[in-house]
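One-letter residues, chain by chain:
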Amino acid sequence: MIDHDPWLLTPGPLTTSRTVKEAMLHDFGSRDQRFIEINKQVRSRLVDIIDGASSHVCVPLQGSGTFVVEAMLSNFVPRDGKILILINGAYGERMRTICGYHQRATETIEWPEDQPVDPKSVAARLSADPDISHVAIVHCETTTGILNPIAEVGEVVAKAGRSYLIDSMSAFGALALSAQKISFDALVASSNKCLEGAPGMGFCLARKGALEATQGNSDSLCFDLYQQWKGLEANGQWRFTPPTHCILAFHQALNEFDEEGGVAGRGGRYRANCELLVTGMRKLGFETLLPDELQAPIIVTFKMPADANFDFQSFYDGLSARGYVIYPGKLTVAESFRMGCIGRLYAEQMQGALDAVKTVMKEMGVASGQP
Ligand SMILES: *Cc1c(COP(=O)(O)O)cnc(C)c1O
């Protein structure tokens, strides 16, 4: 029996530190001055992470990450707009579904899950279709862990004079992204991925002028980012019940993010986790779906071993019993599973997971690369 919470090697929810969890041991009223001050700090710290203080503002939103993706798309793309969605995985596909619900005219370019978005095809499509007003991209496609070239695509979009929307959910805080270097109107992420807070809220970092221009676009009360922003600017309060505990945890998580050295420190730990994991798994005979140069240090997709003794459910259960939660794959290109490198995980947990993999493989009678 394990005597601690399982280590979550997943795309989320993720392992958080004890101190982040402890930060939630308080009840704050939504009008409490201390709480209002914490909100203000959280919002400005998020903008600072993208060097956006002079150009961008932060609009937080209750809910899981998808809520704020939906808010971004349905607010920034006006009802007479047309969006081009770049799809190479399930999260890009989900953006298409969202735009369907909101009846926004939608175009897509699709790539196989193991290939990154190609800026050249984006450029060609934009010059062929002047009606496209917005382009949406997923920064790290968590479906596989592939890194998309958001800077190169951003240049293409800016050159064509269109508006750029980024889902940076699983990359934000771990991979550098500067609003001074990439021109975008909105970017979304959440409290519980690389920033290691508790799940429960997302946020949109929006270019101020672009956010102002969304007034009246929203076809939903709850997802109206303009109104959410106006409310917060007016009196520092959320329009509806704020996720108070989640915000307290997020505030603490941002302290720990700073203590670790911000994006460089956080991204550095994840890169080390990823390297340890990939090297160790390869030694055990596993193959990664992606070549190293396409892999973001967020989550790694491994191909199912061909050995007939390998059974994913037993593998999953065996790791789970030892305190390591992994994630099934959902790919069309290959049978696979995923192991994450993000959340409050260090070399010790990554090595522990590798040891558990080795033991479980032995139990199943699967030949591993090691004697
Ligand atoms: C996690 C994630 C989301 C949001 O997922 P939720 O389950 O709603 O939190 C969106 N996009 C990407 C790329 C993600 O990794």
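Model, not experiment: these values are computed from the prediction. (Residues numbered from 1 in each chain as written. Predicted model: local features only at pLDDT ≥ 70, side-chain atom pairs only at ≥ 80, totals over all residues. Heavy atoms only, no water.)

Visitor: Sorry, what's going on with helix H3 (residues 65–76) here?
Guide: Within an α-helix, residues lying three or four positions from one another point in the same direction, as the helix has 3.6 residues per turn. Between the first and last C-alpha of H3 there are 17 Å, a value that for 12 residues agrees with the 16 Å anticipated at 1.5 Å per step. A large share of H3 lies buried, amounting to 10 of its 12 residues. For H3, the full list of buried residues reads Gly65, Val68, Val69, Glu70, Ala71, Met72, Leu73, Ser74, Asn75 and Phe76. (Helix = DSSP H or I, 4+ residues; strand = E, 2+ residues; numbered from the N terminus. Expected span 1.5 Å × (residues − 1). Buried < 20%, exposed > 50% of the residue type's maximum accessible area, 1.4 Å probe, protein only.)

Visitor: Before we go on, may I ask you to explain the site of the ligand in this structure?
Guide: Contacts to the ligand come from Ser64, Gly65, Thr66, Tyr91, Arg94, Val138, Cys140, Thr142, Asp167, Met169, Ser170 and Lys193. In the environment of the ligand, an oxygen atom lies 2.5 Å from a nitrogen or oxygen atom belonging to the side chain of serine 64. Contact distances for the ligand include 3.0 Å between an oxygen atom and a backbone N or O atom of glycine 65. Out of a free accessible area of 390 Å², the ligand has 83% covered by protein chains. Taken atom by atom, the bulk of the ligand overlaps the largest pocket. Among the secondary structure elements, those contributing two or more residues to the shell around the ligand are H3 and helix H4 (90–101). When the residues that make up the shell around the ligand are grouped by side-chain class, the tally is four nonpolar, five polar and three charged. (Near = heavy atom within 4 Å. Polar contact = N/O pair within 3.5 Å; in protein donor to acceptor, adjacent residues only side chain to side chain. Areas by Shrake-Rupley, 256 points an atom, 1.4 Å probe, with all protein chains shown as cover. 1 Å grid on protein atoms, 1.4 Å probe; cavity = no way out; pocket = protein on both sides within 12 Å on 5 of 7 lines; lining within 4 Å. Sits in = over half its atoms within 2 Å of the grid points. Nonpolar A, V, L, I, M, F, W, Y, C, P; charged D, E, K, R; others polar.)

Visitor: Whenever I open this one, the pairing of strand E8 (residues 163–167) confuses me. Can you help?
Guide: Strand residues, when the strand is regular, have side chains that alternate between the two faces of the sheet. The element E8 is largely enclosed, with a buried count of five among its five residues. Bridge count for strand E5 (residues 134–138) against E8 is five bridges, and the pairing is parallel. Each residue of the ladder has a partner; that of histidine 134, found in E8, is serine 163. The sheet contact formed by E8 and strand E9 (residues 186–190) spans three bridges and is parallel. Across the sheet, the residue bridging to leucine 165 is alanine 186, located in E9. (Pairing = 2+ DSSP bridges.)

Visitor: I keep staring at the environment of serine 191 and nothing clicks. Help me out?
Guide: Among the structural elements, serine 191 can be located in the loop between E9 and strand E10 (201–207). Along the backbone, serine 191 and valine 300 are 109 residues apart, and their C-alpha atoms lie at a distance of 21 Å. Setting aside residues up to four positions removed in sequence, serine 191 forms contacts with Glu196, Gly197, Ala198, Pro199, Gly200, Met201, Phe203, Cys246 and Phe250. Side-chain polar atoms of serine 191 contact the backbone oxygen of alanine 198, separated by 2.7 Å. (Contact = heavy atoms within 4.5 Å.)

Visitor: What should I look at first to understand the packing of aromatic side chains in this one?
Guide: Aromatic rings in a pair are described by how distant their centres are and how their planes are angled relative to each other. Using the criterion set out here, one finds 15 aromatic pairs in the structure. Ring centres of phenylalanine 286 and phenylalanine 310 lie 6.4 Å apart, and the angle between their planes is 75°; on these two criteria the pair is classed as edge-to-face. Here the residue phenylalanine 286 occupies a position in the loop between helix H10 (262–283) and strand E11 (299–303), and phenylalanine 310 occupies one in the loop between E11 and helix H11 (312–321), the gap between them amounting to 24 residues. The same class applies to phenylalanine 286 as to phenylalanine 310, namely buried. (Phe/Tyr/Trp six-rings, centres within 6.5 Å; stacked < 30°, edge-to-face > 60°.)

Visitor: I would appreciate a short explanation of the packing of H11 against helix H12 (residues 347–364) in the present structure.
Guide: Angle between the axes and distance between the axes are the two parameters that describe a pair of packed helices. Running from N to C, H11 and H12 point in directions that differ by 135°, and their axes come no closer than 9 Å. With respect to H12, the element H11 is oriented oblique. Judged by the sense of rotation from one axis to the other, the crossing of H11 with H12 is right-handed. Taking contact as the criterion, the partners of Ser314, Phe315, Gly318 and Leu319 in H11 are, on H12, Ala353, Ala356, Val357, Val360, Met361 and Met364. (Axes fitted to C-alpha atoms, helices over the stretch in contact; angles between N-to-C directions. Parallel < 35°, antiparallel > 145°, perpendicular 65-115°, else oblique. Left-handed = near helix turned anticlockwise from the far one by under 90°.)

Any functional reading would require information beyond the geometric quantities listed.
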